[in-house]
Each structure stands twice: as C-alpha cells, then as structure tokens.
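The chain contents come next:
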Amino acid sequence: MTSQTLIQTIANAAAVSGMYALIAVGLTLAFGVMQMANLAHGHFFMAGAYTVYALYALNKWPFWLAVAAAVGIGAVIGLAVERGIFRPLRGDVVAGFIATAGLMFVFEVFMGEVWGWGYMRPVPSPYMRAVKFMGASVAFQRVIVIPFAIACIGGLMIFMRWFRLGRALRAVAQDPEAASIQGININRMTALAMAIAGALAGIAGGLMSTIYAVTPALGGHIILPALIVVVVGGMGSIGGVTLASIIMGFVNTFVTTLVDGVTAFMVSVAVMALVLAIRPQGLMGHVVT
Amino acid sequence: MKKRALPKSVVFILLVAALAMSLALAGGCKKKAPTPEAATTTPEAISGLPAGLTQDEVVILSHLPDQQIGVEYPIGETIHLGFLCALSGPDAGWGLPGLCGNNIWIDAVNKTGGLLVGGKRYPLEIHAFDDEAIASKALQGARELVLEHDVKFISAIGGDAAKATAPFLTEHKVVYASLVPTDCDPNRPYVVAGGDITPQCNMFNVLIAKMVLPSEEEMGRKLTYALTTQDCIMSRQVGAWEIGAAKAMGFKIVYEEFFGVETTDFAPIITAVMATKPDVISLCEAWPEYQTMMWEQLYLQGYEGVVVQNYADWETNLTKIPAEYAAAQFGIDSFPLMDDPWWGETSWQKSFTNVWNARYGPGAPEDVKRRMTGIDWDHVIWLIPWCIGAQIAGKDTPGEWPSNDAILAALRAQPSFPTVLGPGHMSGKDMFGIDNMIEEPVPMCMFNLEATDKRIVAHLNFEPWYENIKDVVIKEVEKRGQMYYQR
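Since this is a predicted model, take the numbers as computed values, not measurements.

Counting its secondary structure elements, chain A contains twelve helices and two strands. Mapped from its N terminus to its C terminus, chain A presents α and β elements in the order α-α-α-α-β-β-α-α-α-α-α-α-α-α. Whereas a compact globule of 289 residues would reach a radius of gyration of roughly 19 Å, chain A reaches 19 Å, a difference of no more than 12%. For chain A, the C-alpha atoms occupy an extent of roughly 60 × 45 × 35 Å along the three principal directions. Within chain A, counting contacts between residues at least 6 apart in sequence, those at least 24 apart form 77% of the total.

Rendered as structure tokens:
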C-alpha cells in the first residue's frame, strides 16, 4: 500500500466511522433507556432519507431545510413507535424484538407502496465536490457527517450529564423502578428517549441520503452494521458506540481496500465475536446485575 | 283473445324479419375469415389499419415476416409470456425498463388481433415476476410463470437466475431469453441470448478505450487495465471474456476483483482500484445502482483515465457527477438510446421512441418519470426473433402453435433475420457450445457532453474481429474456468 493509498484509506475510514457513529448512537440510546433493541432503527434512518428525497430532490427545498424536516419526521416516528409498541410491551424484551422486526416490514412495504419499488431514488449531491487533504480526496458530503456525528454525540453526552432531563434519562436506564419512586415519569422519559433516537436517525438518514442508494431496502442494509457497532461498544453506552464506530469503520475500510468487502464483513463479525468472548457486555458496556 | 293474438303475431314476424335482415347485413359487411390455406394478402382482403393501431406501431411490428396487418384470421388461444427479472433492488435498472419495451410491442401485436402463426392470430399476454436478482426467487418465479400461467417464453436478465432456473425450464421446454450469451450452454437447450450483445460489447469496450488512449510508444510502457464489479455469475463470466479481449489488445491487467453484492460503500473499492494506477477502469457488469455510486467515487477521488462499462445510466449518474467529468473520462458503454439521432428520422428506433413517449413519456398516460433508457428495448430484442421463429415454424403446423424446439430450429435455419440492432443470425457454438446466441451489429457509445447522454460512436461487426483474437481470449477465459465446458 502506497502512502497516498494509505492516507486515502484513512480518510475513507474516518468518514465511515462518522457515519456509523451517527447511525448507531440513537440505537444505543433507545436500548439504554428501554432495554429493548429497536430493529426498526434502520427504517427510521430510511424515513429520514426519503424525507430529503421528497423535499429536496423532488420539491426543490433547500437541502438543510429538508434535513431539518427529516429530524422532525424521525422524532415523530420515534414518539409514535414508543407509544404504540414499546410502552405496551415494556419489560418484554422478546415481544419488543418481534414487534420491531415486524415494524421493519411495515416500513419497507409502506415506503415501497408510496414511492415505488423499482429504482433507487437519486438524491442529487448538494456539494458535488471533494475535500482534499494530503493527497487524499473524500466527498464533502461524507466529510460533513463527521462534525455532525461529533456534535450529536457530544451534545447527547452533555445533555445526559448536565441537564436535569438527561440525568432523569440515565436514572431510568439504570433502574426504572428506583427512578419512578423518585418521581420521574417513566413514560415521559421513554418517549423522550425514542424521540431523540428517532431524530438522530432522521438526521443521519437525511445527511446520508446522497451517499446511500435510497430504496425501501435501505433500512435493512443499515441496521446490521449499526447493531454490530452497538454490540461491540456496549448496549446503551454512548462512549462505547463512539469507540466501536471508529474501530469498525477502520477495520471495514482497510480490509475492503486490501482484500474485499465480503472478507471485511466477515472480519467485522469476527471482531464482534472476539469482543463478546472477552467482554460480553461490550467494550464500554456495564454488566447488568 | 283473437284481438290480442294478432299484434303478437305481427311483432313475432317483424322480429324474425329484423333478425334475418341483420344476419344478412352482417354477413355482407364482415370480411370472411380466411382459412389457413386460403390466407392471402390481396388488396380486397385489406381493410386498413385495425382500430387504435398507429403508424409507428406498424413500423415496430415490421420485423415480423408474416403478420398481415388488417387481414382477419381465426383467433387462437392466448400465448402467455413471462418477464422474470429484478423489478426492484440494485439490479432493477436492467429489468424494469425492459417491461415497458415488451409491453408496447405486445400491445401493438394485440391491436392487430394477435401474432399470426399457422393461420391463426394468437393474442399475447405477459406476466411479470420480480426476482430481485436472487437465484432462489428466480426459481420460484419460473415455477409460478410456468405452472400457473403456462408461459412459453421468458424474458430475463440471466446470470445466477439463469443457472437456478435452467433445469426446471429445460424440463418444461420453456425458452429463457437471457441478456448474456455467457448463460448459453449445450446443457441448457432453451436458454437463448445475444440480442443484448453482451459480452461482445464488453470486449469492444477494450477496442474503443484503446482508440482514445495514447499509444504504448507515446506512453513508453504497456497500457494498463483494471476491472471491478459485483461478484455474481454474470460478472465472472463476462469479466473473463473482457479480460481476454484486453489481453489480446495488449493491455496489462493490473486489477481484477469482484466485490460482494451487499456492498453499500464504494469508496474503499475505488481507492483499491486507483492504487494500481490503471489507464482504463472497467466497471464491467456493475448493476445500474452500483455503477452510479462507483462513478461518484471515481469523480470524488479524482480518477483521470478512461472509464468503460457494460451499461451506463447517465440520467442517474449526472445527479452525482458533473457532465464534464463523464465526458472527460469518455464514459464508454453500449446499449444505445433509441432516440439517438444516429438511427435516423425514419427508422424502427424512431418509431419505438414515438410509441414509448406516447405511453410512458412526460405527461403520458403511464408516465414513468424517467428518460427512455438503453434497457427499454433490451428485452423485446429477443421476444421479436422468438415471434419471427414462431411465424416461420408455424407454416409447417397450420392451426397449431409450434413447439419451442421448432421455433429455435426455424431461427437457426435462417441465414439472417431482422433485429432491433440490425440483421442477425443464430451463432454461438464457438464461444458457448450451442447456436443459441443472436449475432448482430454491436453499437458502441460514448458520453456526449452536448447531448448530456450517450451517443453511438461505432457500429461494429463482432465475428471477424473475434476471429483474430479468439485464441488469446479463450485461453484467458479458460484460465478463469469460465468456458462452457468447464462449468
């Protein structure tokens, strides 16, 4: 590998890490608060991507306004799913798992029926240019995901640590019963967690609608790497997700460049298995007692 | 009672008289349906174009040797056809548009009363099944099409799907028209291909690339060639023929890798290809969705060489890259557009365009919200010869629909028959072990900045060119285990 290829690969990996982090952070937040894996999180992402397609690509809204709308749509979907699925099934992990698996199909069919099954929906790049750095060249559209990922993760961490509502969310994540005794409204907190998770999926989908192929199957493609990142990082750990995103982004990109994509996926799964064997709770997760 | 009986008798007599008169009138007005033996095209028998049939539709039926538009014949049973392709997913761009082409041609046939075969007109009906480019789904689709709809002919994309469906379709003697002759095999007597001119166009890509590159002498080194595409049977096979042609044309192969069909991030793939510094990058059989994302990465990572591929979808690509970049990299592919001025104002292609626009174009009744692509004609290109074969074979079996064996034999017996791309004939024994491939002129295209789309730059004859290079090519295909006798 020449130095130029190495720098290009590092740049590619950094961009992918940012993308993974932005997708996975909402998933881990929802899991942390509700102790349920939302398999439809990738489909929230897809909803964000379709929002940008509809508003920006078709109706010529400004790109950033369309992304803002995707954030709102994601939050509303998160709230609706919390009210319709997670709240009635609270405490029943298997039922939640099955319900969100079913929700994936509902989303996929809904999007297919509304926007068509055939081609990908092309979302024109608002910034059809690359950022050049030390001979490496990365799409501007990918680069801007990195500051967004940092801002979202940093903002979420500050919110969870320094804000009353955030601390309440953490309390619910640690011990819902004790939090309830302290007067924290559990329903409001789970609704808040899902709204934030939905909004994060919306912003990720909106920003990356120009990078990925926007099709009804998009959610299914997204959820698998996101789940791997969340499992490796530790379910419910925002810091863990950040670390895992960087590890998996680099592993995936380097192996794809040096060998191929299929091997890269195998290595990613092997890394996950290794982490689970050594630390079943993930890199920064906590053992549930 | 008598007073009431009289009007009743009068009404009865009047009714009988009216019935007799209408029968006589009807007999006099209606042309007598000729028996198969008596079928003629004498001017007396022609009563003008059937209702609803346009002049352009007459033109697109002009390949048929014996359609006798305007002459009435007895109507036979409906002949069912299948469309077994990816209608969704990353390969949909090679399937979905083809359904439009098949639909407009089939509807034109039906407006004439049906396909005239052996003295009967057979209405055609097409049934579509979305196989999503997944082999197991293709087999499920083949079963549904054959067992539920009794289809006799299937338009398909091929590759993994061809392999999965071949045993079942061979058993039922159903013709499977693949887009790639690499699917042809002596063990698959009903798999036909070649209307689509793959892999010939991939091999000609090498020739056109060489045409636009500086010579080895000017470069002071061998010209280099890289190939990458998704890992599927079609890509492996077509890629082998293309690499063979590149070797035969003196290129040094610096990269030949296939990525997984689940790939969503093409940045590292393009980085790996570019690291080998190729003069030519071939996207080979990259699915429509993938080639768009690969073009985007080529542009963003600053590739400056020639880019060739089997099929480019410029309407989508230009949402990701500037037209100037596509032109600078030449954007070489095949599958021309039927509205390319190269074909001329009065041509089959122009009429096809007119019919397509009237039905699927902007503001048309079934507006598909896209430009006509090079795939819109790519499936009907084999349906038409199959119907030609049926008409020829039907002469030996009056009043009956001929078997697929008879249809294919009739086509093979023709020294030449018309195709969408020009005169064709059955060939393929040399390359694929069976004469189930149509050989016809191969149109080669480049991206044209003024048109902001592809335009034909050459119309090439494959067989004499291939004859000169085949020893080298076959050696390379054998090295990769892709000759029909190695599979």
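Back to the write-up after that little detour.
All names here are of chain B. When its domains are assigned, chain B resolves into domain 1 (55–197 + 340–440) and domain 2 (200–333 + 444–486). Distance between the C-alpha centres of domain 1 and domain 2: 28 Å. The interface of domain 1 with domain 2 comprises 22 residues on the first partner and 20 residues on the second. Counted by class, the side of domain 1 that touches domain 2 contains seven nonpolar, seven polar and eight charged residues.

Next up on the list: the interface of chain A and chain B. Counting residues at the interface gives 27 residues for chain A, matched by 29 residues for chain B. Looking at the side of chain A that touches chain B, the elements with two or more residues in it are helix H1 (3–34), strand S2 (136–139), helix H11 (238–258) and helix H12 (261–278) of chain A. Residue composition of the side of chain A that touches chain B, by class: 13 nonpolar, 13 polar and one charged.

Residues and elements named next belong to chain B. The buried count for strand S15 (residues 442–448) comes to six of seven residues, which makes it a mostly enclosed element. Pairing geometry for S15 and strand S16 (residues 453–460), over seven bridges, is antiparallel. For Val 442, the partnering residue across the bridge sits in S16 and is Leu 460.

Residue and element names in this part refer to chain B. Across the sheet, which stays open at both edges, the four strands sit in the order S9-S8-S10-S11 with parallel pairing between neighbours. Each edge of the sheet is formed by a strand with only one pairing partner; in this case those strands are strand S9 (252–259) and strand S11 (306–308). Averaged over all adjacent pairs, the angle separating strand axes in this sheet is 15°, with direction ignored. Inspection of the sheet shows strand S8 (residues 224–230) paired to S9 by seven bridges, in the parallel sense. Looking at the pairing, Ala 226 lines up with Tyr 255 of S9.

What follows covers the sheet that holds strand S12 (residues 417–419) of chain B. All names here are of chain B. Strand order across the open sheet formed by three strands is S12-S13-S14, with antiparallel pairing between neighbours. The open sheet has two edge strands with one neighbour each: S12 and strand S14 (437–439). Taken over all neighbouring pairs, the strand axes of this sheet differ in orientation by 50° on average, direction set aside. Pairing between strand S13 (residues 422–427) and S14: three bridges, direction antiparallel. Pairing of Ser 427 across the sheet is with Met 437, part of S14. Packing of helix H14 (residues 380–394) onto the sheet brings it into contact with S12 and S14, and relative to S12 it is tilted by some 155°.

Moving on, we come to H14 of chain B. Quick reminder: α-helices carry 3.6 residues per turn. Residues three or four places apart thus point the same way. With 15 residues, H14 of chain B should reach 21 Å at 1.5 Å per residue; the first-to-last C-alpha distance of 20 Å fits that figure. With 14 of 15 residues buried, H14 of chain B lies mostly within the body of the structure.

Residue and element names in this part refer to chain B. Here Thr 419 lies in strand S12. For Thr 419, a count of 23 C-beta atoms within 10 Å translates into the label buried. With 330 residues separating them in the primary sequence, Thr 419 and Gly 89 have C-alpha atoms 29 Å apart. Beyond its immediate sequence surroundings of up to four residues, Thr 419 is in contact with Gly 195, Ile 381, Ile 384, Pro 385, Gly 424, Ile 438 and Glu 440.

Another point: the pairing of strand S1 (residues 130–133) of chain A. Residue and element names in this part refer to chain A. For S1 and S2, the ladder comprises four bridges, and the chain directions are antiparallel. If you follow Val 131 over to S2, its bridge partner there is Val 138. Hairpin connection of S1 to S2: two residues between the antiparallel strands, including Met 134 at a positive phi of 50°.

This part is about the environment of Leu 224 of chain A. All names here are of chain A. Within the fold, Leu 224 resides in helix H10 (residues 218–233). For Leu 224, a count of 14 C-beta atoms within 10 Å translates into the label partly exposed. Leu 224 sits 185 residues away from Leu 39 along the chain, and the two C-alpha atoms are 9.1 Å apart.

Residue and element names in this part refer to chain A. Axis separation between helix H2 (residues 41–58) and helix H4 (residues 93–115) bottoms out at 10 Å; the angle between their running directions is 20°. Comparing their axes, H4 and H2 come out roughly parallel. In the packing of H2 onto H4, the handedness of the crossing is left-handed. Taking contact as the criterion, the partners of His 43, Met 46 and Tyr 50 in H2 are, on H4, Met 104, Phe 107, Glu 108, Met 111 and Trp 115. Classifying every residue of the contact of H2 with H4 by side-chain character gives six nonpolar, one polar and one charged.

Residues and elements named next belong to chain B. In this chain, Thr 198 is followed by Pro 199 through a cis amide linkage whose omega measures 10°. Counting through the fold element by element, Pro 199 comes out in the loop between strand S7 (191–192) and helix H6 (200–212). In this structure, Glu 132 takes a positive phi of about 55° despite not being glycine. Tracing the backbone through its elements, the reader meets Glu 132 in the loop between strand S4 (124–130) and helix H4 (135–149). Overall, the presence of 20 C-beta atoms within 10 Å leaves Glu 132 in the buried class. One non-glycine residue, Phe 335, adopts positive backbone phi at about 55°. Taking the C-beta count within 10 Å as the criterion, Phe 335 has 25 such neighbours and is therefore assigned buried.

Rules used throughout
Residues numbered from 1 in each chain as written. Chains lettered and ligands numbered in written order. Predicted model: local features only at pLDDT ≥ 70, side-chain atom pairs only at ≥ 80, totals over all residues. Helix = DSSP H or I, 4+ residues; strand = E, 2+ residues; numbered from the N terminus. Rg over C-alpha atoms; globule rule 2.2 N^0.38 Å. Contact = placed C-beta atoms within 7 Å. Domains from an automatic or database assignment. Nonpolar A, V, L, I, M, F, W, Y, C, P; charged D, E, K, R; others polar. Buried ≥ 20, exposed ≤ 12 C-beta atoms within 10 Å, placed from the backbone. Pairing = 2+ DSSP bridges. Axes fitted to C-alpha atoms, helices over the stretch in contact; angles between N-to-C directions. Expected span 1.5 Å × (residues − 1). Parallel < 35°, antiparallel > 145°, perpendicular 65-115°, else oblique. Left-handed = near helix turned anticlockwise from the far one by under 90°.

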